[in-house]
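Here's the letter readout for the chains.
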Amino acid sequence: MTKDEPKKAGKEKPVVEELSEEDLALKNELDMLVERLQESNQQLYRPALESMRTLIRTSTSSMTSVPKPLKFLRVHYPILTDIYQKWPQSDTKKFLSDILSVLAMSYAPENSRDCLKFRLAGSREDAGLWGHEYVRYLSSEIVAQWNAFDEENIKSQEAQQVMSQALEIVPFFMKHNAEADACDLLIELEGLDRLPSLVDKDTYNRVCLYILGCAPYVTPPDDVAIYKTAHQIYKTFGEYPAALQVALKLNDIELVKSDFAACPNPIVKKQLAFLLARHQVFFETEDDKLNDIMRNTHLSEHFHALAKDLNIEEAKVPDDIYKRHLENIKSGSTGVNLDSAKQNLASTFVNAFINAGFGQDKLMMGPEDTNWIYKNKDHGMLSAAASLGSIMLWDIEGGLGQIDKYLYSQEDNVQAGALLAIGIVSAGVKNESDPALALLSEKVNSEKEIFRIASILGLGLAYAGSANETVQDLLLPLVSDTGITMELSSFAALALGLVYVGTCHGEITSTILQTMMEREEYQLKDPYAIFMGLALSLLFLGRQSAAEAPLETLKVIENPLAKQVEVMVEVCAYCGSGNVLMIQKMLHLCNDHLDPEKEVDTFQSIAVLGIALISMGEDIGSEMAVRTFNHLMHYGEPVIRRAVPLALGLVSTSNPLVNILDLLSKYSHDNDKDVSLNAIFAMGLVGAGTNNARLAQMLRQLAAYYHKEADHLFMVRISQGLVHLGKGTLTLSPFHSNRQLMSLPSVAGLMVVLTSILNAKTFIFGKSHYILYMLTLSMYPRFLMTLDTDLKPLSTTCRVGQAVDVVGQAGKPKTITGFQTHSTPVLLGYTERAELATEEFKPLSNVLEGFVILEKNPEWMDDK
């Protein structure tokens, strides 16, 4: 072996440098050009540099190797830098500087940023002439140099040179399908305000898509700058629907109004009105048609048209959902009739959920229409009468006709239920004559507390998100009145929280804080007091740093409720923001192991819900939250474990992901009764309105498993009703417009219900089960309905498939995958997206969801 070793070594030596004749000629030529630059004859410098430039620019190479001229010039790099130092300032020296800038890309010492230095000292010819790789490398050095500047240097001449160099290469990126690189460069240099002047009609869409995709990962307030830039670009190019979506995302009502007013096309304005109606934003305009659209006046009519199209008009009864014959319960068992009043109450809710918005059912409006109410006891009658509001949802005129007869009932609970039904039927829909206000305001100061509570909650439902001042004048005195019960005062605050959701209203905020200071400690320990805190939180929903003032006040208040409310305000303020620091803060709160007998620990359950609230709507954040919940479930105290299933339900509302359903199925058999109850409800929340067959089967098995447990069986029934919400046509998800926008009243409705479920024994299994009707704020049809320019339904073919994230992808990638072709109207799942199958019509909205107006395409040629 030893004899062969030298041979092997000898064989390897020639491989080091074996050049072809062509390469050898190139190497010799470059060596000669470098020698010329070292000679004393200055006449030779310019032609030598020009030859060198031509050789570098014309060389082609594979993606993985260094171009040959650069490779051969490697040994000469130190020599060329020495020559550069010796030469006096001249055009020829600038020429050499350009070439050294290109060579520095490969051979300069790390972190020296020589490529940029030589570039700035050079002739400043177009950087793009040296190729794409050089421009990309140069942009990375520009970013590094910019980050090296401190606050004092940022205004210096050198910094301005770096910025102007960046602005020179951005147009190159734009022209060469590298919009993402251009945006990254400007975001790093905090120069996004320059972007609108650098885009054109071919690039603006991809640019906006990319920067909007970056916004969730940027620290505030930089994200606001991104949204404002995207908004400006969309508006410049007349993309009003997209601009309005960004304005709504910013939660800037003045910007929304100016966009709406600036839109020149009356038909596009109608499309904008539909978007505002979906987001539950309303303001008066001079055009009655636009006002009608924004009030959601025609929602009921179109929903009935959808039901007719899908052939699901016929009313269902709870037994159609329960399918008791599939629940394997032995016939000799006596458990089924455990508590008939409780089971009837469950059926009341199930009936209200499955027939929501359809305007007909078989229990309340059947041949024995008065009997069903009296099959319920006491407060059960209230919920039964109120269920009419859910069945007639969005149809104010028809609904009031059905509800009217119960307003004169001798039974107080029935009359109170009818008052609540008036609020429910008006949820998400506005009426010019304000019938809800007229009918409910007179009962707000009634002598009977049940009437007062029903009418107060009814007003909260009917005017959620409308910031109606009449409602404020009516209810604000009740919040501060220490002479009334905590329940009444808290519900009045809650109704105001719903009406003024996300407005940071100063007067209501100070009144609630004042009341919390003035009330006795025993009153603040009342279970209903938490709704006062929730009301305060809703005022700051999604407003982030605007909530700092009330948070400071809450830190000063020394009572058991203040800590809970503080956490609640904080999580609501950062709702849907994905703010990592806030999630860490909430996890830190869950870290403490408190003794519930000595300390108040309920704030921990709110912190768990908060993690879901902050991370929902953003896929990566939601995924990480689910993993976090696993750890909390293993190591958390009982108060934390009870909130985890609800948080899972919130993070994936109306989106039945298999992994979340399996987790909840496991928790629904937990030894802790509260954990299992909450898991069962969360299963309903996750599958709300999806008709998910796997989930329906799980719930049937749970109904059989818990057939002797009245509370569990009640919760299973509620969940079954939610899964078949609106016979599978409605969603509870607060997100719309490709999950870009979050409706605040919708989140508020979910939060009220989840807060009550945290103490289900008092609220849901006590006398306040009617709180479940707050879910009507989140209900909305999950359809795509296409209309013509006269707003009449127009059926056309469309493809529906799983949405694909195309941000930053080259070319024109497909936005959906695994699609099926349907005729509109069509139902859309949580992760689905639609696109038109032909180019016969042009949609006036950039997102095909909800109501979309189509215009005939003048260039369309029918193949037939």
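Novice: What's the story with helix H26 (residues 486–499) in this structure? I'm lost.
Specialist: With 14 residues, H26 ought to run about 20 Å at 1.5 Å a step, and its terminal C-alpha atoms sit 20 Å apart, in line with that. In terms of burial, H26 is largely enclosed, as 14 of its 14 residues are buried.

Novice: Looking at this structure, how should I read the pairing of strand E11 (residues 850–856)?
Specialist: Consecutive residues of a regular strand have side chains that alternate between opposite faces of the sheet. In terms of burial, E11 is a largely internal element, five of the seven residues being buried. Where strand E5 (residues 783–787) lies against E11, four bridges are found, and the strand directions are parallel. Across the sheet, the residue bridging to Leu 784 is Gly 850, located in E11. For strand E10 (residues 841–843) and E11, the ladder comprises three bridges, and the chain directions are antiparallel. Bridge assignment links Phe 841 to a residue of E11, and that residue is Lys 856. Hairpin connection from E10 to E11: six residues lie between these consecutive antiparallel strands.

Novice: Any chance you could explain the sheet that holds strand E8 (residues 826–827) here in plain terms?
Specialist: Picture the strands of a sheet paired through backbone hydrogen bonds; they go either parallel or antiparallel. Sheet architecture is open: four strands sit in the order E8-E5-E11-E10, paired in mixed fashion. Single-partner strands in this sheet number two, and they are E8 and E10. Contacts from helix H15 (residues 266–278) reach E5 and E11 within the one sheet, and its direction differs from that of E11 by about 165°.

Novice: How should I be thinking about the confidence of the model for the chain in this particular structure?
Specialist: Summary statistics for the chain give a mean pLDDT of 83 and a share of 94% for residues scoring 70 or more. Confidence, read as mean pLDDT per element, is least for helix H1 (residues 4–12) in the chain (47) and greatest for helix H37 (residues 673–686) (92). Scored below 50 in pLDDT, residues 1–16 shows zero contacts in the model against residues more than four places distant or in partner chains. A low-confidence stretch, residues 331–337 stays under pLDDT 50, and its non-local contacts, those more than four residues away or across chains, total six contacts.

Novice: Would you explain the sheet that holds strand E9 (residues 832–836) in this entry?
Specialist: Pairing is antiparallel in the open sheet, where three strands are placed in the order E7-E6-E9. Each of the sheet's edge strands pairs with one partner strand only, and the pair in question is strand E7 (816–823) and E9. If you compare each strand with its neighbour and ignore which way they point, the axes differ by 30° on average. Inspection of the sheet shows strand E6 (residues 797–803) paired to E7 by six bridges, in the antiparallel sense. Across the sheet, Val 800 pairs through a bridge with Gln 820, a residue of E7.

Novice: How do you make sense of the side chain of Thr 729 when you look at a structure like this?
Specialist: Residue position: Thr 729 is located in the loop between helix H39 (710–723) and strand E1 (730–731). At 2.6 Å, the side chain of Thr 729 and the backbone oxygen of Gly 726 are in polar contact. Apart from residues lying up to four places away in sequence, Thr 729 is in contact with Phe 303, Leu 306, Leu 310, Ile 312, Phe 358, Gly 689, Tyr 780, Pro 781, Arg 782 and Leu 827.

Novice: Would you mind showing me how to read the pairing of E5 here?
Specialist: Of all five residues in E5, five are buried; the element is thus mostly enclosed. Residue alternation in E5 divides its side chains into two sets, Phe 783, Met 785 and Leu 787 and Leu 784 and Thr 786, and both sets are buried.

Novice: Is there a simple way to explain the side chain of His 279 in this structure?
Specialist: Along the chain, His 279 turns up in the loop between H15 and helix H16 (288–294). Overall, the relative accessible area of 9% leaves His 279 in the buried class. Sequence-distant contacts of His 279, defined by excluding residues within four places in its chain, comprise Leu 248, His 736, Leu 741, Met 742 and Ser 743.

Novice: I keep staring at a negative patch on the surface and nothing clicks. Help me out?
Specialist: A grouping of Asp 184, Glu 188, Glu 190 and Asp 222 is seen on the molecular surface, where their side chains present a negatively charged patch. Residue position: Asp 184 is located in helix H10 (residues 179–188).

About the cut-offs
- Residues numbered from 1 in each chain as written.
- Predicted model: local features only at pLDDT ≥ 70, side-chain atom pairs only at ≥ 80, totals over all residues.
- Heavy atoms only, no water.
- Helix = DSSP H or I, 4+ residues; strand = E, 2+ residues; numbered from the N terminus.
- Expected span 1.5 Å × (residues − 1).
- Buried < 20%, exposed > 50% of the residue type's maximum accessible area, 1.4 Å probe, protein only.
- Pairing = 2+ DSSP bridges.
- Contact = heavy atoms within 4.5 Å.
- Axes fitted to C-alpha atoms, helices over the stretch in contact; angles between N-to-C directions.
- pLDDT = per-residue confidence, 0-100.
- Polar contact = N/O pair within 3.5 Å; in protein donor to acceptor, adjacent residues only side chain to side chain.
- Patch = residues over 30% accessible without salt bridge, like charges linked within 9 Å, V, L, I, M, F, W, Y side chains within 5 Å.
- Areas by Shrake-Rupley, 256 points an atom, 1.4 Å probe, with all protein chains shown as cover.
- Salt bridge = Lys/Arg side-chain N within 4 Å of Asp/Glu carboxyl O.
- Lys, Arg positive; Asp, Glu negative; His and termini not counted.
- Charge placed at Lys NZ, Arg CZ, Asp CG, Glu CD.

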